[in-house]
Amino acid sequence: MSQSHALLRVLRKLHLYLGVFTAPALLFFAFTGALQTFSLHETTQGSSYKPPAWIASLAQLHKKQTTEIPVRHPRPDAARPGALSDHPERSAEKVTPSSAPPQSANQQPAASPAPRPKSHLPMKIFFLLVAAGLFLSTLTGIYMAYLYSRSRLLITGLLLAGVILPLLLLPPCRCSWRHSRTCACCHR
């Protein structure tokens, strides 16, 4: 066997083993990325939607590598509409209708309306298709690894290692298991 054939054989095995080991993470990131594309992990301003705790936790793990969701308090200037901020640098930037300089009688307001923001829906649909394609191609890769590999035990071990290792690397919850039913960080 020539050197190029031997190198190709080693690269194929390396590709197979690395692909199987990273497949669970790819499935996780494709799934949670699809959820985040449509903001299903957070409450948007002016909406009554409250995301399920499991979606918010998975999104937090995707973005910040932890399952603890920080408690978000409303900003002091956001709690009172029209109020100036306590910070001098912010209050200089913020102009409310009541603090705007009065217009003289001969000045006319701008005739052109504000430009309408572009719709992000086509891009969101594209990224949803990308996430679905990544998810499906990863699943088919796992299937082919089992179908064409002689060492199914090694494939299963690598797949399980790809699931178990990230779970072991998760930072521990600050609560103890004894009172986890009442813990705010475990059960929302």
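Residues numbered from 1 in each chain as written. Predicted model: local features only at pLDDT ≥ 70, side-chain atom pairs only at ≥ 80, totals over all residues. Heavy atoms only, no water.

Undergrad: Hey, could you go over the packing of aromatic side chains for me, with residue numbers and the actual values?
TA: Applying the stated criterion to the full structure yields three aromatic pairs. On the basis of an interplanar angle of 70 degrees and a centroid distance of 5.3 Å, the ring pair of F28 and F29 is categorised as edge-to-face. (Phe/Tyr/Trp six-rings, centres within 6.5 Å; stacked < 30°, edge-to-face > 60°.)

Undergrad: Outline a nonpolar patch on the surface, supporting the account with residue identities and numerical values.
TA: Together, L160, V163, I164, L167 and L168 give the surface a local cluster of nonpolar side chains, amounting to about 490 Å² of exposed area. Its place among the elements puts L168 in helix α6 (residues 152-169). (Patch = residues over 30% accessible without salt bridge, like charges linked within 9 Å, V, L, I, M, F, W, Y side chains within 5 Å. Areas by Shrake-Rupley, 256 points an atom, 1.4 Å probe, with all protein chains shown as cover. Salt bridge = Lys/Arg side-chain N within 4 Å of Asp/Glu carboxyl O. Helix = DSSP H or I, 4+ residues; strand = E, 2+ residues; numbered from the N terminus.)

Undergrad: Please give an account of the nonpolar core that cites residues and values.
TA: In this structure, V20, A23, L27, I142, A145, I155, L158 and L159 together form the largest nonpolar core, which totals eight residues. Mapped onto this core, the elements with two or more residues apiece are α1 (3-37), α5 (121-148) and α6. Other than its neighbours up to four places away in sequence, L158 contacts Y17, V20 and F21. (Core = buried A, V, L, I, M, F, W, Y, C linked by side-chain atoms within 4.5 Å. Buried < 20%, exposed > 50% of the residue type's maximum accessible area, 1.4 Å probe, protein only. Contact = heavy atoms within 4.5 Å.)

Undergrad: Which residues make up α1, and what values go with them?
TA: At A23, α1 shows its largest kink, close to 45 degrees, and the proline P24 lies no more than four residues downstream. Inspection of α1 places V20, A23, P24, L27, A30, T32, A34, L35, Q36 and T37 among the buried residues, and these make up the whole buried set. Packed against the buried residues of α1 are α2 (53-64), α5 and α6. One or two residues past the end of α1 sits S39, with phi positive at roughly 55 degrees. (Bend = angle between axes of the 7 residues up to and from the residue.)

Undergrad: Tell me about the packing of α1 against α2, and name the residues and values.
TA: Between α1 and α2, the shortest axis-to-axis distance is 10 Å and the interhelical angle comes to 115 degrees. Note that α1 runs across α2; the crossing there is left-handed. Counting all contacts with α1, which are made through F28, F29, F31, T32, G33, L35 and Q36, the residues of α2 involved are W54, I55, L58, A59, L61, H62 and K63. A class-by-class count of the residues in the contact of α1 with α2 yields nine nonpolar, four polar and one charged. (Axes fitted to C-alpha atoms, helices over the stretch in contact; angles between N-to-C directions. Left-handed = near helix turned anticlockwise from the far one by under 90°. Nonpolar A, V, L, I, M, F, W, Y, C, P; charged D, E, K, R; others polar.)

Undergrad: I'd love a proper account of the confidence of the model for the protein, names of residues and values included.
TA: Looking at the protein as a whole, its pLDDT mean stands at 80, while 69% of the residues score no less than 70. Segment residues 177-182 is flagged for pLDDT under 50; beyond a separation of four residues in sequence, or across chains, it makes four contacts in the model. (pLDDT = per-residue confidence, 0-100.)

Undergrad: Tell me about the packing of α1 against α5, and please be specific about residues and values.
TA: At a minimum axis separation of 9 Å, α1 and α5 run at an interaxial angle of 155 degrees. In this view, α1 runs roughly antiparallel relative to α5, as classed from their interaxial angle. When the axes of α1 and α5 are compared, the crossing they make is left-handed. Residue-level inspection shows L16, V20, A23, L26, L27, A30, F31, A34 and T37 of α1 in contact with α5, the latter providing K124, F127, L128, A131, L134, F135, T138, L139, I142 and A145. Here the contact of α1 with α5 is composed, by residue class, of 16 nonpolar, two polar and one charged. (Parallel < 35°, antiparallel > 145°, perpendicular 65-115°, else oblique.)

Undergrad: Kindly report on the environment of A30, identifying the contributing residues and their values.
TA: Position of A30 among the secondary structure elements: in helix α1. For the pair formed by A30 and F135, sequence separation is 105 residues and the distance between their alpha carbons is 5.8 Å. In this structure A30 touches A131, L134 and F135, once residues within four positions along its chain are discounted.

Undergrad: For α6, give the residues involved together with the corresponding values.
TA: Taking 1.5 Å per residue, 18 residues should reach 26 Å; α6 reaches 26 Å between its end C-alpha atoms and fits that length. Residues of α6 that are buried make contact with α1 and α5. (Expected span 1.5 Å × (residues − 1).)

Undergrad: So what's going on with the environment of L159? Which residues, and what values?
TA: Tracing the chain through its elements places L159 in helix α6. Since its relative accessible area comes to 18%, L159 is described here as buried. Separated by 138 residues in the primary sequence, L159 and F21 have C-alpha atoms spaced 5.2 Å apart. Sequence-distant contacts of L159, that is, excluding residues within four places in its chain, are made with V20, A23, P24, I142 and Y146.

Undergrad: Give a detailed account of unusual backbone geometry, specifying residues and quantitative values.
TA: The backbone phi angle of S39 is positive, close to 55 degrees, even though this residue is not glycine. By the element assignment, S39 lies in the loop between α1 and α2.

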